[in-house]
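Read off the chains here:
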Amino acid sequence: MNLRHYLQFNDFALGEYEHLFARTRWIKDRFKRYERYWPLEDRTLAMIFEKQSTRTRLSFEAGMHQLGGAAIFLSTRDSQLGRGEPVEDAAQVISRMCDVVMIRTFEQDTLERFAAHSRVPVINGLTNEYHPCQILADIYTFLEQRGSIRGRTVAWIGDSNNVCNTWLQAAEVFDFNVHVSTPPGYEVEPERAGLYGTDHYEEFRDPMQAAKGADLVTTDVWTSMGMESEDAERKRDFQDWQVDGEMMRVAKPDALFMHCLPAHRGEEISAGVVDGPQSVVWDEAENRLHAQKALLEFLLLGKVEL
Ligand code: CP
Ligand code: NVA
């Protein structure tokens, strides 16, 4: 089997996502019926965290256990990575002892360098540039709730960050549109988003215009991890980019609301929306577990047939 990594969303083709979603559904159904499925017995996942996490750690660790395998947590603070061991050396060693590696780090380049020296699949658990596992779960959630995302409109309101970049890549793979509205100075950087000449997104100065007629409205924190020094300035700049009830009313009547979480009620999102009837944030969070189990199965065992 060829070594595959999952470093950014466009590493996989549409047909591979269709396979992953079919497997996600099967794995989720089986899990809900308490039916044991242990295809990864004797396999070990190493998880390296250079930033904090609740959902990513829990979903990968629980997911690996539920597939019959084991997961090991390493952080910068308590491993040699925090004392300057070269990432290339760490990759050589870790990938001789474990079967798959998940990394949450700062620069995408660090992840790429690790993957280039790894003998086993490497998964992006979030970098400054991308968060592919999140959008994998988000699109699966859309599919569960509303069917195919092809031709639909997703409104992204707020910062053009790692989650936004990943939505933009996903739009090319799945052929949907993204309406992006950011404050001036925070616009999408196409090259950083890994986009080359896409016609799948449109930028709007006015967030209400971006949300108009959308099938899905989504946002994320104004200040991502690693940018804490900009927090006060961002709180001022993003004031008018809160997703609230008024904004949801200009979207389609059956529009969904998603947020990768953690949410900051009163900042990027109003409590009324995140806790309201159009919000699917808890399903979205839960689906991280099921979708990543399908991803682990695919990377370690290839295309398991239904
Ligand atoms: N959405 C997400 O990745 O959450 P965590 O930071 O808690 O992992
Ligand atoms: N954009 C956020 C996502 C957190 C899951 C961050 O990078 O901090």
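All figures in this text were calculated on a predicted structure; none of them were measured in a lab.

Peer 1: What is the right way to look at the packing of aromatic side chains in this model?
Peer 2: Each aromatic ring pair is summarised here by two numbers: the centre-to-centre distance and the angle between the ring planes. A complete count under the given rule lists 15 aromatic pairs for this structure. A centroid spacing of 5.4 Å and a plane angle of 50° characterise the contact between Tyr-17 and Phe-174, whose relative ring orientation is tilted. One end of the pair, Tyr-17, is in helix α1 (residues 14-32); the other, Phe-174, is in helix α6 (residues 162-174), and 157 residues separate them in sequence. Assigned by exposure class, Tyr-17 and Phe-174 land together as buried. On the numbers, 4.9 Å between centres and 80° between planes, the contact of Trp-26 with Tyr-37 is edge-to-face. Residue Trp-26 is found in helix α1, and its partner Tyr-37 is found in the loop between α1 and β1 (44-49); the two are separated by 11 residues along the sequence. Tyr-37 sits in the buried class, given a relative accessible area of 17%. Every member of this aromatic cluster is reached through a ring pair, and the members are Tyr-6, Phe-9, Phe-12, Tyr-17, Phe-21, Tyr-140, Phe-174 and Phe-298. The positively charged end of Arg-23 is found above the aromatic ring belonging to Trp-26, 4.3 Å away from the centroid. Over the ring of Trp-38 we find Arg-36; its NZ or CZ atom is 4.1 Å from the centre of that ring.

Peer 1: Explain the site of ligand 1 here, please?
Peer 2: As a matter of local geometry, ligand 1 sits amid Ser-53, Thr-54, Arg-55, Thr-56, Arg-104, His-131, Gln-134, Cys-260, Leu-261 and Arg-288. Residue Gln-134 places a side-chain N or O atom 3.0 Å away from a nitrogen atom belonging to ligand 1. Taking Leu-261, its main chain carries an N or O atom lying 3.0 Å from a nitrogen atom of ligand 1.

Peer 1: I tried to follow the state of the cysteines on my own but got confused; where do I start?
Peer 2: Here, disulfide denotes a covalent bond that connects the sulfur atoms of two cysteines. Tallied over the full model, the rule gives zero disulfides. Cysteine Cys-133 shares no disulfide, and the gap to the nearest cysteine sulfur, in Cys-260, comes to 12 Å. Looking at Cys-133, the relative accessible area reads 1%, which means it is buried. Residue Cys-164 stays outside any disulfide, its sulfur separated by 12 Å from that of Cys-260, the closest cysteine.

Peer 1: It is not clear to me how unusual backbone geometry should be interpreted in this structure. Could you clarify?
Peer 2: Leaving glycine aside, a negative phi is the common case for residues, and trans is the common case for peptide bonds. A cis amide bond, omega 5°, links Leu-261 with the succeeding residue Pro-262. Along the polypeptide, Pro-262 turns up in the loop between β9 (256-259) and α10 (271-274). Phi is positive for Asp-42, which is not a glycine, with a value near 75°. Tracing the sequence through the fold places Asp-42 in the loop between α1 and β1. With a relative accessible area of 74%, Asp-42 lands in the exposed category. Not every positive phi belongs to a glycine, and Leu-261 is a case in point at roughly 70°. In this fold, Leu-261 is placed in the loop between β9 and α10. On the basis of relative accessibility, which here comes to 10%, the residue Leu-261 falls in the buried class.

Cut-offs applied
Residues numbered from 1 in each chain as written. Chains lettered and ligands numbered in written order. Predicted model: local features only at pLDDT ≥ 70, side-chain atom pairs only at ≥ 80, totals over all residues. Heavy atoms only, no water. Phe/Tyr/Trp six-rings, centres within 6.5 Å; stacked < 30°, edge-to-face > 60°. Helix = DSSP H or I, 4+ residues; strand = E, 2+ residues; numbered from the N terminus. Buried < 20%, exposed > 50% of the residue type's maximum accessible area, 1.4 Å probe, protein only. Lys NZ or Arg CZ within 6 Å of the ring centre and 35° of its normal. Near = heavy atom within 4 Å. Polar contact = N/O pair within 3.5 Å; in protein donor to acceptor, adjacent residues only side chain to side chain. Disulfide = S-S within 2.5 Å.

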